[in-house]
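Fold and geometry: a report
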2 protein chains.
Amino acid sequence: MNPRPVPDATVSRLPLYLRVLAELAGAGETTVSSDELAEAAGVTSAKVRKDLSALGSYGTRGIGYDVSQLIDEIRSTLGLTEHWSILIAGVGNLGQALARYKGFAERGFRVAALLDVDPTKVGTHVADLTVRHLDELPDIVRTEGVAIGVIATPAAAAQDVADRMVGAGIRSILNFAPASLAVPEAVTIRKVDLAIELQILSYYEQRDALRDLGGGSGAGAIGGS
Amino acid sequence: MNPRPVPDATVSRLPLYLRVLAELAGAGETTVSSDELAEAAGVTSAKVRKDLSALGSYGTRGIGYDVSQLIDEIRSTLGLTEHWSILIAGVGNLGQALARYKGFAERGFRVAALLDVDPTKVGTHVADLTVRHLDELPDIVRTEGVAIGVIATPAAAAQDVADRMVGAGIRSILNFAPASLAVPEAVTIRKVDLAIELQILSYYEQRDALRDLGGGSGAGAIGGS
DNA sequence: CAATGTGAAGACCTTCACAGCC
DNA sequence: GGCTGTGAAGGTCTTCACATTG
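One numbering rule holds for all chains: residues counted from 1, following each sequence as written. As a convention, the first chain written is A and the first ligand written is 1, with the rest following in written order. The predicted nature of this model means local features are confined to residues of pLDDT at least 70 and side-chain atom pairs, given and counted, to a pLDDT of 80 or more, with totals for whole chains, interfaces and linings taken over all residues. As a rule here, side-chain values cover all heavy atoms of the structure and leave hydrogens and water aside.

Before going further, it helps to examine the interface of chain A and chain B. Two residues qualify as a contact provided that any one of their heavy atoms is within 4.5 Å of a heavy atom in the partner residue. Each partner contributes residues to the interface: chain A has 74 residues there, and chain B has 73 residues. Buried area between chain A and chain B, summed over both chains or domains, comes out near 7100 Å², and the portion from carbon and sulfur atoms is 58%. Think of a salt bridge as a Lys or Arg side-chain nitrogen and an Asp or Glu carboxyl oxygen that are within 4 Å of each other. The shortest N-O distance in the salt bridge between D193(A) and R19(B) comes to 2.7 Å. Side-chain classes follow a simple rule in which Ala, Val, Leu, Ile, Met, Phe, Trp, Tyr, Cys and Pro form the nonpolar group, Asp, Glu, Lys and Arg form the charged group, and the remainder, Gly included, forms the polar group. Its residues assigned to classes, the side of chain A that touches chain B shows 41 nonpolar, 20 polar and 13 charged. Once two parts are put together, the accessible area they lose, assessed with a 1.4 Å probe and summed over both, is termed the buried area.

Spelled out as structure tokens, the structure:
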């Protein structure tokens, strides 16, 4: 009766399908099979079918899925019918790159504000926005209806920024700082650590190098897409 | 007898522990318990113990783990005793930010080259490096001993770049382009899609908003760190 | 007959709880 | 006494395989 709880693993793949479906729609395709979708998304077709059936979606046996219907279905499940406002704290290298990144707007996320504490940065313009002081965070969250906070500060500042965000009512945080953040249970936090990704690759690189020398053991690849 | 196969989930957490341990070492701590490490890394202590025991590491009952020994152990497991060279393809917003990011060097990754195809970019300088043309990729991989390729191009160019990297002998790729890449099985690929992270957050944001209105269903938070 | 939707089996990961050791 | 290391139990996710249906 309730919108059925979508498994976490499925949630994390839905945006992927959405991207592929948008491409298909752009190419004029009107239907797609789980095989085709799987191929394009870099996953297995069984996974696609399980994932899509989890959101109660309608495919047609013998035919496949209706592309535009599926797009609507997934966007609705992910809450993308609403256009979220985000703000970015930390206007260093990464923060600036994120501010200029077109992909956010394309997918319905509006960068409402850029914040920093550095007086040489506050007041400057980046990507059509004026950098404002972190102290303005509560005001901005309220007036702009910000739902998601992005942390792109140095590690040392990240916890303070997270605390301020939580205090201002933000309950979804994307953390790029290389630091583990403590937040109340009701706050959802995701982290992206660039250096950690490289270290993980290092493990598999090393393992495969050993295997090639006859070290035995290891299996195959990891990635998918 | 063989370096025992470390579970993928464990591999993805080891860099996290390493970061925490480095902080502890910097603060002069010589031992750490699984509880303390778990707290600082944002995971459970059982997980920490399972993870560390997977790499055969020695803790001391009643005491905990020796910080510097554990650092060595993890670095060795991850292959971080070697200093890897990486290259970045695509010198747009994100590519430049990555090139300037200090965190890579701090953890032993040397950015050996920046590549692009845009003639207005080739020859310019970014973060002490001269941007070179993508056609030079095979030469650079050979002469610089590049092990990891980072793709920071637009989606449309990503597959071509991946193909070139694979052709040049690179077997580990970190992909920031919003595209699913097909690579041979022997190549390890990881992806980071900034917009996808936001879309995932959108789902939980929406779900929790519904729950707060009495929509029932949902559980707790997701994140950890 | 092509392709979905799904029980059932299997792999993987996490959590529990406690024996064992310093 | 405190903390590790680990079997066992419990979840979650993936894969299989096939009955079902337009």
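Quick look at the relation of the copies chain A and chain B now. In screw terms, the move from chain A to chain B is a rotation of 180° and a rise of 0.0 Å along the axis, fitting with an RMSD of 0.0 Å. Taken together, the turn and the small shift mark the pair as related by a two-fold rotation axis. Minimal C-alpha distance to the rotation axis in chain A is attained by A97(A), lying at 3.1 Å. Comparing interface residues between copies, 99% of those in chain A also lie at the interface in chain B; the contact surface is shared. Superposing copies: least-squares fit, C-alpha atoms only, residues required to have pLDDT of at least 70 in both.

A few words now on the sheet that holds strand β7 (residues 129-133) of chain B. Residue and element names in this part refer to chain B. Pairing is mixed in the open sheet, where 7 strands are placed in the order β6-β7-β5-β4-β8-β9-β10. Edge positions in the sheet fall to β6 (125-126) and β10 (188-191), since each of these pairs with one other strand and no more. At least two bridges found by DSSP between two strands is the condition for calling them paired. Runs of E in the DSSP output that reach at least two residues are strands. Runs of H or I that reach at least four are helices, and both are numbered from the N terminus. By the bridge criterion, 4 bridges tie strand β9 (residues 172-175) to β10 in an arrangement that is parallel. Within β10, the residue paired with I173 across the bridge is I189.

With that settled, the discussion passes to the protein's contact with DNA strand D. DNA strand D sits among 24 residues. The nearest are R61(A), S34(B), G59(B), R61(B) and Y65(B). The share of sugar and phosphate among atoms of DNA strand D within 4 Å of the protein is 60%. Identification of polar contacts relies on pairs of N or O atoms within 3.5 Å, with a donor-acceptor requirement for protein atoms, meaning one able to donate a hydrogen and the other able to accept it, and with residues adjacent in sequence counted only if both atoms are side-chain atoms. Between DNA strand D and A9(A), the relevant distance is 3.5 Å, taken from a phosphate oxygen to a main-chain nitrogen or oxygen of the residue. One nitrogen or oxygen atom from the side chain of Y65(B) is found 2.7 Å from a phosphate oxygen belonging to DNA strand D. Looking at the surface near DNA strand D residue by residue, the classes come out as 5 nonpolar, 10 polar and 9 charged. Nearness of a residue to a molecule or strand requires only that one of the residue's heavy atoms be within 4 Å of it.

Read these as layout, nothing more, since geometry by itself doesn't imply function.
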